[in-house]
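One letter stands for each residue in the lines below.
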Amino acid sequence: MTMTSNGNPLGALLPRPAAQADSPAAARALTQEEAAILGDGLHELFCAQARALTMGQSSSLPQETAAELTASILYTLGVQKDRPESYACLLGASLPERLVQGRRALEQKTAQAKAMGCSSA
């Protein structure tokens, strides 16, 4: 599936393995092998979500839409693109299952906020 006219939008958002062993986060950062495995899983998840978004009518997305979808997936999974160690919780997990769990958690938080009167909706 071609996601954008410029290629894979996930590339810039995937975890990078620790480059320097003396980095404070290096001890918890992903190895190159882990990053590759996780990248493949995130790519599959992205493709599935893109198909759902386009209802299977298109094999491409505008670059901005692809970037927003990627950011949404990562947020829902509970990872931060600038914190490689935050991806470790996804290793060995079913990413589609984690996405469903993340959505449920976000829906609960939204409902709690609405119940407290914190929503303008």
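Residues numbered from 1 in each chain as written. Predicted model: local features only at pLDDT ≥ 70, side-chain atom pairs only at ≥ 80, totals over all residues. Heavy atoms only, no water.

## Side note on the overall build of the protein chain
Tallying secondary structure elements over the protein chain gives three helices and zero strands in all. Each helix and strand of the protein chain, ordered N terminal to C terminal, gives the series α-α-α. Expressed as a percentage of the 121 residues in the protein chain, the buried residues total 30%. Counted over contacts in the protein chain with a minimum sequence separation of 6, partners at least 24 positions apart contribute 63%. Total accessible area on the protein chain is roughly 7,900 Å²; 51% of this is exposed by carbon and sulfur atoms. (Helix = DSSP H or I, 4+ residues; strand = E, 2+ residues; numbered from the N terminus. Buried < 20%, exposed > 50% of the residue type's maximum accessible area, 1.4 Å probe, protein only. Contact = heavy atoms within 4.5 Å. Areas by Shrake-Rupley, 256 points an atom, 1.4 Å probe, with all protein chains shown as cover.)

## Brief notes about helix α3 (residues 95-115)
Compared with an ideal rise of 1.5 Å per residue, which puts 21 residues at 30 Å, α3 spans 30 Å between its outermost C-alpha atoms and is within 8% of the ideal. Three or more residues of α3 are buried, namely Leu-95, Leu-99 and Gly-102. End-on view of α3: buried residues confined to an arc of 65°, all on one side of the axis. Exposed and facing more than 90 degrees away from the buried side of α3 are Arg-104, Glu-107, Gln-108, Gln-112 and Ala-115. Following α3 by one or two positions, Gly-117 has its phi on the positive side, about 80°. (Expected span 1.5 Å × (residues − 1). Arc of directions from axis to C-beta.)

## Quick notes on the pattern of salt bridges
Counted under the stated rule, the structure contains one salt bridge. The shortest N-O distance in the salt bridge between Arg-83 and Glu-85 comes to 3.0 Å. In this structure Arg-83 comes out as partly exposed when scored by relative accessible area, which is 37%. (Salt bridge = Lys/Arg side-chain N within 4 Å of Asp/Glu carboxyl O.)

## What to know about helix α1 (residues 32-54)
When the terminal C-alpha atoms of α1 are compared, their 32 Å separation across 23 residues agrees well with the 33 Å that a helix rising 1.5 Å per residue should span. Of the positions making up α1, those classed as buried are Ala-35, Leu-38, Gly-39, Leu-42, Leu-45, Phe-46, Cys-47, Gln-49, Ala-50 and Thr-54. Contacts made by the buried residues of α1 are with α2 (63-77) and α3. Of the residues trailing α1, Met-55 is marked for its positive phi of about 55°.

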